[in-house]
Amino acid sequence: AVRSCRIAAKRLNYYIRTYIVYELIVHDDASDDLERILEHDYPAGVALVALLEELENNQDLMDRLTQHGFGGRPAQPKPRTAVFNVSKWIEAQTKDMNLWRVRGFDDECSRYRCIYAYQPLIDRYIILGIGRKVDKATTIEEFDYELDSDLSRRIQAAYRRLMED
């Protein structure tokens, strides 16, 4: 059974590398968020840029961006080589918005969440916003997963505009 799972995994990886080409786009709003983070928390901003570049340049990692729970936790990454964690934004998904979040495990950026939409028909991920997880007062917009926060409303509006195009 283990051998057949390995063969199936190899075939899936071959299929992903051969036939599916994902695209990662950073929305203008998220770009503005990143500029603010670089201005107020430079080490975190640099780590976030590195994470986004790593995702953008690795089709296998981009394939993980819709696998809820991928990456485990920073102290217990699954797989052991994982450098980020993926989660559905449950509150948004219950409102029919295909929104997700990724959190890097790097100490510098682990406090931040990159919120993105996935467009499955064209295999495109769009980073719509980047916010610091709510923990204390900061000059960076905070993200708390509630749909009524300022950052959440901005992300939802950008998502709706994307879906209308």
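Parameters at a glance
- Residues numbered from 1 in each chain as written.
- Predicted model: local features only at pLDDT ≥ 70, side-chain atom pairs only at ≥ 80, totals over all residues.
- Heavy atoms only, no water.
- Helix = DSSP H or I, 4+ residues; strand = E, 2+ residues; numbered from the N terminus.
- Contact = heavy atoms within 4.5 Å.
- Polar contact = N/O pair within 3.5 Å; in protein donor to acceptor, adjacent residues only side chain to side chain.
- pLDDT = per-residue confidence, 0-100.
- Buried < 20%, exposed > 50% of the residue type's maximum accessible area, 1.4 Å probe, protein only.
- Salt bridge = Lys/Arg side-chain N within 4 Å of Asp/Glu carboxyl O.

*Asks:* Help me understand the environment of Tyr-125, please; the structure alone is not making it clear to me.
*Replies:* Note on placement: Tyr-125 falls in strand 7 (residues 124–133). Considered as a pair, Tyr-125 and Leu-24 are 101 residues apart in the sequence and their alpha carbons are 4.8 Å apart. If near-sequence neighbours (up to four positions away) are discounted, Tyr-125 is found in contact with Tyr-22, Glu-23, Leu-24, Ile-25, Met-62, Asp-63, Leu-65, Thr-66, Tyr-116, Ala-117 and Tyr-118. A distance of 2.8 Å separates the side chain of Tyr-125 from the backbone oxygen of Met-62, its partner in a polar contact.

*Asks:* Explain the environment of Ala-158 to me, please; I cannot follow it from the model alone.
*Replies:* Here Ala-158 lies in helix 6 (residues 150–164). Among all residues touching Ala-158, those that are not within four sequence positions of it are His-27, Asp-29 and Leu-128.

*Asks:* Any chance you could explain the confidence of the model for the protein chain here in plain terms?
*Replies:* Low-pLDDT stretches of the model should not have their predicted coordinates read in fine detail. Put simply, the protein chain has an average pLDDT of 88, and 84% of its residues get 70 or more. At the level of individual helices and strands, the protein chain shows its lowest average pLDDT in helix 1 (residues 2–19), which scores 58, and its highest in strand 5 (residues 99–104), which scores 97.

*Asks:* Looking at this structure, I do not really get the environment of Tyr-159. What am I missing?
*Replies:* Mapped onto the elements, Tyr-159 comes out in helix 6. Residue class for Tyr-159 comes out buried when judged on its relative accessible area of 7%. Taking C-alpha positions, Tyr-159 is 9.0 Å from Ile-126, a pair spaced 33 residues apart along the chain. Setting aside anything within four residues of it in sequence, one finds Tyr-159 in contact with Asp-96, Met-97, Asn-98, Leu-99, Ala-117 and Leu-128.

*Asks:* I'm lost on the pattern of salt bridges in this one. Help?
*Replies:* Note on pairing: side chains with opposite charge can pair once their charged atoms come close. Applying the stated criterion across every chain yields a total of nine salt bridges. Measuring nitrogen to oxygen at the nearest pair gives 2.5 Å for the salt bridge that ties Arg-154 to Asp-33. Remark: Asp-33 occurs in helix 2 (residues 28–40) and Arg-154 occurs in helix 6; sequence separation between them is 121 residues. Of the charged contacts, one joins Arg-64 and Asp-60 as a salt bridge, the two residues approaching to 2.9 Å between their closest N and O atoms. Through salt bridges with shared partners, a single network forms among Asp-29, Asp-33, Arg-36 and Arg-154.

*Asks:* Just to check I follow, could you spell out the side chain of Ser-87 for this structure?
*Replies:* Structurally, Ser-87 is set in strand 4 (residues 84–88). Non-local contacts of Ser-87, meaning those with residues more than four positions away in its chain, are made with His-68, Trp-100 and Arg-101.

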